[in-house]
Amino acid sequence: MTIPRGPAIMLALGLVLLLDVSRVFLPSLITLFGRAGETPPELMGLYAAAWFILPFLALLAKPRHALLGGAAALVLARILLQSGVGQLYVASAGVTAGLVFLYGCAHTVPRRAVPAGIMGGLCLSLIVHLLLDGVDLVWRDGVLPWLAALSVCAAFLTLIRPPAPDAEVDRAPALTWFLLGPAMLLTGVAATGWAKPEESPLSLWQALPGAALLAVVLVMTMAQSARPPLSPFFDLVTGVMLVVFTLTLVMGASYIGVLLIGSVGALLAGTARPDHPGGRRTGVAVLGGGLVFFVALFLYYAAYDLDLGFPNGAILVAVAVLVAVLGAVTALVRHAPPSTARVRVSWLPPAFAVLLVGLLTLGTPSAPPVRARQGGTFTLIAYNIRMGYGLDGRLSLDRIASWAAAQKPDVVLLSEVDRGWLLNGGHDDLARIARGLGMRYHFAPAADEVWGDALLTNLPVKQVYSHRLGKHDYPTGAQAQAIVLEVGGREVGIVNTHLQATDGQAPEVAAIARSLAAGRDADEAGQGGPGPEGQVRRPVILAGDLNTRPTDPAMEVLKAAGLTDPLTAFGDPPTSPADAPKERIDHVLITKGLTAVSAQAPRLPYSDHLPLLTTLRLTSVDQEG
């Protein structure tokens, strides 16, 4: 069995460019169009939907014209994005152009090239994304990223050779093209949305998901090559595996869910078997699959702001069931006797997989050493990083790390840390910033396993525990990270949180702060009585995006717990919004036993919040009780 290499590689590179553009389009909806919550979600959804509906106009064009025009517009959008021009609207138009290109492919790419082209493009994009540490070329400056982007675009355009107008093309079934949209969703979430270790060092654990993904590429390639000799019941088993792997992913598995990518590839190959009828309405099918991708993605992530009445993981499972049923049942209903054709398996896929696994493993950094601090003065940064996106909508993780490192902090507290949401581009904010700072970290999941808050420090951490806060009718989850660390041989308690429902959650974090101050362990903080009224055995800091103004009733609850606001003595600097700060909703509150030496909110464009940079000094508190 021979796969037409040219059309398969063209389709794969087109998907790579489309996914590059999509990883700009999706976060731009939040940061530029939505301005992180200022725009109603309904309006944001309508705007996004328009760019998935517009491609249906391609039904009025000839397929070869759609192929050429879509490809040219996709390349133009990709180049403009590399230059940083018109990010939101260029990325939006790029998504439409990519779907128009796929419409043309559905009519012009030979059947045998379609599964390899689709899965090759999806996997190549995800592998490169992982090797780039989640920071795609589009977010990088310099000559090398430009050369790489231009090389991909040039190779893609060179391979576009639409068939003659009167040529007959053995097209893949419409089902194969329809499943492309669901496949984009499942593989995109699986590749980066798995639960990461909550503490550094990562060592081998960091390489395992990448290694699993590469192993999937190898298995998928060999399975696709061997499709004719296999029984169609193989598709039924693969469909069951797809649903099982999706369930493990939504239940918080570390990396097993990544294996669903191989199941998707095998099912796609099954739908394109030679014994299945040729494609009809393939263009409508691929555009309909794109709509499924958009609707499912929007609902999955909208559940963090809107109460859908069911867990959002059910959406991924439903999409997996859809793919499994359509792929497996079709293979069982329409099948030919097993073929005896001999299949040659190239040695290149195994060699490529081994090489990349080695690169991932060798590139895994070790954790920085723990360093005790002498004296009682230390510097703390509290920063809501908005998934790492700046006011210009560009990924700013490296700029955040560079600025923070220049301040030589002892403790860094981060809010809105994203460790793999497809909606935000699928990168691990925390690992990237931690490497830039040269710090160890402790992650505290809040909304789900890859979204929350984090502590970064090289000071000795004696205890750390994440307390789940009540939702109080607010869909997005919140937590309070209770920490006990040492400064100058003395204990300091920290409560790191990002409040959502302030009226209900403020009393909860106040109880945790009181318990830490009274000497309770981090895992017991907030449980039972806080100890004798006013007793402070260790000083405590409550910091983060509290979504509370100094005059709000919730602030009175925090003050009643013995916390004071030292920033009022340093000009009471506002922190939000970052481009024109008017109010302070980010705080560093302290109990007795601590005093502020300095405090400021530097004007930085790396988030929609400003960071708080505070230098604190320990005063007299009886550590022995």
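Note on numbering: residues in each chain are counted from 1, in written sequence order. Local features in this predicted model are restricted to residues of pLDDT 70 or higher, and side-chain atom pairs are both shown and tallied only at a pLDDT of 80 or more, whereas totals for entire chains, interfaces and linings draw on every residue. Water and hydrogen atoms were dropped before computing side-chain values, which therefore reflect all heavy atoms in the structure.

Asks: Looking at this structure, I do not really get the overall build of the protein chain. What am I missing?
Replies: A run of H or I in DSSP counts as a helix once it spans at least four residues, and a run of E counts as a strand once it spans at least two, with each numbered from the N terminus. In terms of helices and strands, the protein chain carries 18 helices and 11 strands. Per-residue accessibility, obtained with a 1.4 Å probe over protein chains only, is compared with the maximum for each type, and a residue is labelled buried under 20%, exposed over 50%, and partly exposed between these values. Within the protein chain, the fraction of its 625 residues that count as buried is 57%. Here the accessible surface of atoms and residues is derived via Shrake-Rupley with a 1.4 Å probe, and residues count as covered only by protein chains that are part of the display. Entry remark: accessible area of the protein chain is about 24,400 Å², with carbon and sulfur atoms responsible for 62%.

Asks: Would you explain helix H15 (residues 397-406) in this entry?
Replies: At 3.6 residues per turn, the α-helix brings residues three or four places apart onto the same side. Among the residues making up H15, those that are buried are Leu397, Ile400, Ala401, Trp403 and Ala404. Taken end-on, H15 shows its buried residues confined to a sector of 165°, consistent with a single buried face. Contacts between residues were defined by any pair of non-hydrogen atoms, one from each residue, lying within 4.5 Å. Tucked inside the fold, the buried residues of H15 contact strand E1 (377-384) and helix H16 (429-437). The arc refers to the directions leading from the helix axis to the C-beta atoms.

Asks: Just checking my understanding: could you explain the nonpolar core for this structure?
Replies: To qualify as a nonpolar core, a set must consist of buried Ala, Val, Leu, Ile, Met, Phe, Trp, Tyr and Cys residues joined through side-chain atoms within 4.5 Å. Counting residues in hydrophobic clusters, the biggest one holds 125 residues, and the most contacted among them are Phe25, Ile118, Trp177 and Leu456. The element contributing the most residues to this core is helix H1 (residues 5-33), with 14 residues. Dropping the residues within four chain positions of it, Ile118 is found in contact with Leu11, Leu15, Thr176, Trp177, Leu180 and Leu268.

Asks: Whenever I open this one, the packing of helix H8 (residues 180-192) against helix H12 (residues 282-302) confuses me. Can you help?
Replies: Packed helix pairs are characterised by how far apart their axes lie and by the angle those axes make with each other. Between N-to-C directions, angles cover 0 to 180 degrees, with each direction set by a line fitted to C-alpha atoms, over the stretch in contact for helices. Remark: H8 packs on H12, axes separated minimally by 6 Å, with the N-to-C direction vectors making an angle of 35°. Contacts from Leu180, Gly181, Pro182, Met184, Leu185 and Val189 in H8 reach Val286, Gly289, Gly290, Val292, Phe293, Ala296, Leu297 and Tyr301 in H12. The residue makeup of the contact of H8 with H12, split by class, is 11 nonpolar, 3 polar and no charged. For this scheme, ten residues count as nonpolar: Ala, Val, Leu, Ile, Met, Phe, Trp, Tyr, Cys and Pro. Four count as charged, namely Asp, Glu, Lys and Arg, and the remainder, Gly too, count as polar.

Asks: Help me understand a nonpolar patch on the surface, please; the structure alone is not making it clear to me.
Replies: The patches described consist of residues with a relative accessible area above 30% and no salt bridge, like charges being joined within 9 Å and nonpolar side chains (Val, Leu, Ile, Met, Phe, Trp, Tyr) within 5 Å. Any carboxyl oxygen of Asp or Glu within 4 Å of a side-chain nitrogen of Lys or Arg constitutes a salt bridge here. A cluster of nonpolar side chains, contributed by Phe233, Leu236, Val240 and Val244, occupies part of the molecular surface with about 370 Å² of accessible area. Positionally, Phe233 belongs in helix H10 (residues 233-250). Phe233 gets classed as exposed once you look at its relative accessible area, which sits at 54%.

Asks: I'm lost on the pairing of strand E11 (residues 612-618) in this one. Help?
Replies: Each regular strand displays side chains that alternate between the two surfaces of the sheet. The element E11 is largely enclosed, with a buried count of 6 among its 7 residues. The pairing of E1 with E11 spans 6 bridges and is classified as antiparallel. Pairing of Ala382 across the sheet is with Leu612, part of E11. One bridge is not enough; two strands pair if DSSP finds at least two bridges between them. As defined by bridge partners, strand E10 (residues 594-600) adjoins E11 across 6 bridges and the pair is classed as antiparallel. Considered in E11, the bridge of Thr595 is made with Arg617.

Asks: Please explain the side chain of Thr575 as it appears in this structure.
Replies: By secondary structure assignment, the location of Thr575 is in the loop between helix H18 (553-560) and strand E9 (586-590). Residue classification places Thr575 among the buried residues on the basis of a relative accessible area of 0%. A polar atom in the side chain of Thr575 sits 2.5 Å from the side chain of Asp586. Once residues lying within four places of it in the same chain are set aside, the contact partners of Thr575 are Pro581, Glu583, Arg584, Ile585, Asp586, Ala601, Asp608, His609, Leu610 and Leu612. The definition of a polar contact used here is a pair of N or O atoms within 3.5 Å, where within protein one atom must be able to donate a hydrogen and the other to accept one, and adjacent residues in sequence count solely through side-chain atom pairs.

Asks: Explain the environment of Ser254 here, please?
Replies: Structurally, Ser254 is set in the loop between H10 and helix H11 (260-271). Residues Ser254 and Gly193 lie 61 residues apart in sequence; the distance between their C-alpha atoms is 9.2 Å. If we ignore the near neighbours within four places in the chain, the residues touching Ser254 are Trp194 and Ala195.

Asks: Teacher, can you tell me more about the sheet that holds strand E3 (residues 440-448) here?
Replies: Pairing between sheet strands relies on hydrogen bonds along the backbone, with the strands arranged either parallel or antiparallel. Within the open sheet, the 6 strands sit side by side as E3-E4-E2-E1-E11-E10. Their pairing is mixed. Two strands close off the open sheet at either side, each with one partner strand: E3 and E10. Each strand axis lies, on average, 20° off the axis of its neighbour in the sheet, ignoring direction. The sheet contacts of H16 involve strand E2 (411-418), E3 and strand E4 (451-457), and relative to E2 the element is tilted by about 155°.

Asks: I tried to follow the sheet that holds strand E8 (residues 540-545) on my own but got confused; where do I start?
Replies: Reading across the sheet, the 5 strands line up as E5-E6-E7-E8-E9 and stay open at both edges, with mixed pairing between neighbours. The open sheet has two free edges, formed respectively by strand E5 (461-468) and E9, since each of these has just one partner strand. The average angle at which neighbouring strand axes cross in this sheet is 15°, direction not considered.

Asks: Explanation requested: the packing of aromatic side chains in the structure shown.
Replies: Each pair of aromatic rings is reported with the distance of its centres and the angle of its planes. Working definition: a ring pair exists when centres of Phe, Tyr or Trp rings (six-membered ring for Trp) sit within 6.5 Å. Plane angles under 30 degrees give stacked, over 60 give edge-to-face, the rest tilted. For the coordinates displayed, the defined rule picks out 15 aromatic pairs. A centroid spacing of 5.1 Å and a plane angle of 50° characterise the contact between Tyr301 and Trp421, whose relative ring orientation is tilted. Here Trp421 lies in the loop between E2 and H16 and Tyr301 lies in helix H12, a separation of 120 residues in the sequence. Judged by relative accessible area, Tyr301 falls into the buried class, the value being 6%. Here a set of aromatic residues connected by ring pairs shows up, and it is made of Phe25, Phe52, Phe293, Phe294 and Phe298. By the criterion adopted, a ring carries a charge over it if an Arg CZ or a Lys NZ lies within 6 Å of its centre and within 35 degrees of its normal. It is Arg419 that lies over the ring of Phe443; its NZ or CZ is 5.0 Å from the centre.

Asks: What exactly am I supposed to notice about the pattern of salt bridges here?
Replies: Side chains carrying opposite charge are able to pair once their charged atoms draw close together. All chains considered together, the criterion is met by 17 salt bridges. The salt bridge partner of Asp428 is Arg419, with a shortest N-O separation of 2.9 Å. Given a relative accessible area of 14%, Asp428 falls into the buried group. In this structure Arg419 comes out as buried when scored by relative accessible area, which is 1%. A salt bridge links Asp565 to Arg584; its shortest N-O distance comes to 2.8 Å. With Asp565 in the loop between H18 and E9 and Arg584 in the loop between H18 and E9, this residue pair connects regions lying 19 residues apart in the sequence. If you follow the salt bridges from partner to partner, you end up with Asp20, Arg23, Arg78 and Asp136 in one network.

Asks: Is there a simple way to think about unusual backbone geometry in this case?
Replies: The phi angle of most residues is negative, glycine excepted, and most peptide bonds adopt the trans form. With omega at -10°, the peptide bond leading from Ser576 into Pro577 counts as cis. Mapped onto the elements, Pro577 comes out in the loop between H18 and E9. Its identity as a non-glycine residue notwithstanding, Asp473 has a phi of 70°, on the positive side. Relative to the helices and strands, Asp473 is located in the loop between E5 and strand E6 (479-487). For Asp473, a relative accessible area of 81% translates into the label exposed. Located in the positive-phi region is Asn547, a residue other than glycine, with phi close to 50°. Secondary-structure assignment places Asn547 in the loop between E8 and H18.

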